[in-house]
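Overview (structure and organization)
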Amino acid sequence: MTTAAELAHELPAATDGAIAALNHESARRRSWQRFAQAGRDLDALAIVEAELVSAQFLGDVEALDRIEELARRLDDETATCALALASIASATHRFADARTHLAQAAVRGAPVDAVMRQMLSVAQACGANLDAVVDARQRIAKAGRTEDLVPLGALLADLDEFARADRVYRQALEAYDDVSPFPLAWICFQLGMLWGEQVPEPDLDLAALWYRRAIDYVPSYVKARVHLSEIRMRCGDGIEANALLEPVIASGDPEVRWRLADVLAAQGEPESARVHLEGVRMRYEALLAKHLLAFADHAAEFYAGSGSDPARARELARANAANRPTRRAIAQLQAIELSAEAAS
């Protein structure tokens, strides 16, 4: 288990997170420009990768709209096109479509390694054939590359092998040999999740330290700020929770306003909280109308809690569990159904 003392040691250095975010946005726009000029699938994979960074770290939910638009414009029957379409389908949790595109990519001569990695990601996301996925992940991770160690750590955490997951994540940090802060922030976030939410007895202090490290690497990391704000609320520090959320409220991620509403309610400002919650409902419904499967789990959590709509929560949790019957999705559905029955 990681200790707070171990965290005092210097983590790998990286480019300043604010500068990296600006550089990322410039690179993202250039990739789109090259795509428009080429008129084919050139740079499609670079565009998808860039847009997913925007979604994952910067809370830019509009990135999913942009990659869906890219999918509509990819009409070249090439391996690159199929790989890009598979990545887009996975990002929007359309896993059956992703498998179809990956099969097409393989037929069209895509690199076996690229196809296999995406297939493993799809299987892991759906909780399918996990014994085989573990074997494959462990075999690939023997090379000691950060990009292979992180998904192995996530899989071990899903399988309740928490100590091993912690070791693998820290190995991924030590193996990192680039200057981009995004992968480092991602690993720190995963460690925060591990010790704050996945272990049976959470260590909130340790989780908070990892989330702070993630934010140190990427100050605009929306999800890290949201999760850290939840910890600060549980510790009774609404002032810091609010300070964490305010700088990223413009991101468009509905969870920011959701957690801010919880902070305001706890601070005795029910009307301000109500206004934010109404905005969250509208935002989630707009996103669900376009990307149901991508947002079903988080929206279900919202409606089961602060959103106060058990029927909608159960509907969304069922959709999520049907699409990806992981242990977490099934547990969420069972908890929501039990709560709905108790309330009826």
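This text goes with the structure placed above it.
Residues numbered from 1 in each chain as written. Predicted model: local features only at pLDDT ≥ 70, side-chain atom pairs only at ≥ 80, totals over all residues. Heavy atoms only, no water.

1. Quick look at the overall build of the chain
Convention followed: The secondary structure listing takes helices from DSSP runs of H or I that are at least 4 residues long and strands from runs of E that are at least 2 residues long, numbered from the N terminus. Here, two residues are considered to be in contact whenever any of their heavy atoms come within 4.5 Å of each other. Computed with a 1.4 Å probe, the accessible areas rest on the Shrake-Rupley method; for each residue, only the protein chains presented here act as cover. Neither His nor the chain termini are counted; the positive set is Lys and Arg, and the negative set is Asp and Glu. Each charge is placed at NZ for Lys, CZ for Arg, CG for Asp and CD for Glu.
Tallying secondary structure elements over the chain gives 18 helices and 0 strands in all. Across its three principal axes, the chain shows a C-alpha extent of roughly 60 × 45 × 40 Å. The long-range share in the chain, meaning contacts at least 24 apart out of those at least 6 apart in sequence, stands at 57%. Summed over its atoms, the accessible surface of the chain is roughly 16,100 Å², and 53% of this surface lies on carbon and sulfur atoms. Counting 37 positive and 51 negative side-chain charges, the chain places the centres of these two groups 3 Å from one another.

2. Here we look at the state of the cysteines
The condition is simple: Whenever a pair of cysteine sulfur atoms sits within 2.5 Å, that pair is classed as a disulfide. Working definition: with a 1.4 Å probe on protein chains only, accessible area under 20% of the residue-type maximum means buried, over 50% means exposed, and in between means partly exposed.
Applying the stated criterion to the full structure yields 0 disulfides. Distance from the sulfur of Cys188, which forms no disulfide, to the nearest cysteine sulfur (Cys235) is 19 Å. Residue Cys188 is classed as buried on the basis of its relative accessible area of 0%.

3. Focus on the side chain of Arg324
The condition is simple: Between Lys or Arg on one side and Asp or Glu on the other, a salt bridge is scored when a side-chain nitrogen of the former is within 4 Å of a carboxyl oxygen of the latter. Think of a polar contact as two N or O atoms within 3.5 Å of one another; within protein, one of them needs to be a possible hydrogen donor and the other a possible acceptor, and neighboring residues in sequence only count if both atoms come from side chains.
Assignment of secondary structure puts Arg324 in the loop between α17 (310-323) and α18 (327-343). Buried Arg324, no salt bridge; nearest opposite-charge side chain is Asp297, N-O distance 4.5 Å. Among the polar contacts listed, one links the side chain of Arg324 to the side chain of His93, at a separation of 3.5 Å. Filtering out sequence-adjacent residues up to four positions away, Arg324 remains in contact with His93, Phe95, Ala125, Cys126 and Ala329.

4. Observations concerning the packing of aromatic side chains
Our working definition: Only Phe, Tyr and Trp rings take part, Trp by its six-membered ring, and two of them pair if their centres are within 6.5 Å. Stacked means planes under 30 degrees apart, edge-to-face means over 60, and tilted covers everything else.
By the definition in use, this model includes 10 aromatic pairs. Pairing Phe189 with Tyr211 gives two aromatic rings, centres 5.6 Å apart and planes at 50 degrees, and the pair type is tilted. In this pair, Phe189 is assigned in helix α11 (residues 181-198) and Tyr211 in helix α12 (residues 204-217), connecting sequence segments 22 residues apart. Among the residues examined, Phe189 registers a relative accessible area of 5% and is labelled buried. Both rings, one in Trp258 and one in Phe302, keep their centres 5.3 Å apart while their planes meet at 75 degrees; by these two values the pair is edge-to-face.

5. What about the side chain of His227?
Mapped onto the secondary structure, His227 falls in helix α13 (residues 222-234). By relative accessible area, His227 is classed as buried at 11%. Side chain to side chain, His227 and Glu197 meet in a polar contact 2.5 Å long. The contacts of His227, once residues within four sequence positions are left out, are Phe189, Met193, Glu197 and Tyr211.

6. Structural notes on the pattern of salt bridges
When the charged atoms of two side chains with opposite charge come close together, those side chains can pair. Enumeration according to the criterion identifies 29 salt bridges in this entry. Two residues, Glu315 and Arg312, come together in a salt bridge whose shortest N-O distance is 3.0 Å. Of this pair, Glu315 and Arg312 both sit in helix α17, 3 residues apart, which is roughly one turn of that helix. Accessibility expressed as a relative area gives 46% for Glu315, which makes it partly exposed. A relative accessible area of 17% means that Arg312 is categorised as buried. Put simply, Glu25, Arg28, Arg29, Glu51, Asp60 and Arg66 are held in one network by salt bridges that share partners.

7. Some thoughts on unusual backbone geometry
Of note in the backbone geometry, His93 takes a positive phi value of approximately 65 degrees without being a glycine. Residue classification places His93 among the buried positions, given a relative accessible area of 15%. Positive phi, normally seen in glycine, also occurs at Asn129, with a value near 50 degrees. Looking at the element boundaries, Asn129 is found in the loop between α7 (112-126) and α8 (130-141).

8. Some points on the packing of α12 against α13
Condition: Lines fitted to the C-alpha atoms define the axes, with helices restricted to the stretch that makes contact. Angles between their N-to-C directions range from 0 to 180 degrees. Take the far helix as your reference; a near helix turned counterclockwise from it by less than a right angle gives a left-handed crossing, and one turned clockwise gives a right-handed crossing.
It is the contact of α12 with α13, at a shortest axis distance of 9 Å, that shows an interaxial angle of 150 degrees. For the element pair α12 and α13, the recorded crossing hand is left-handed. On α13, the residues touching Leu204, Ala207, Ala208, Tyr211, Arg212, Ala214 and Ile215 of α12 are Ala224, Arg225, His227, Leu228, Ile231, Arg232 and Arg234.

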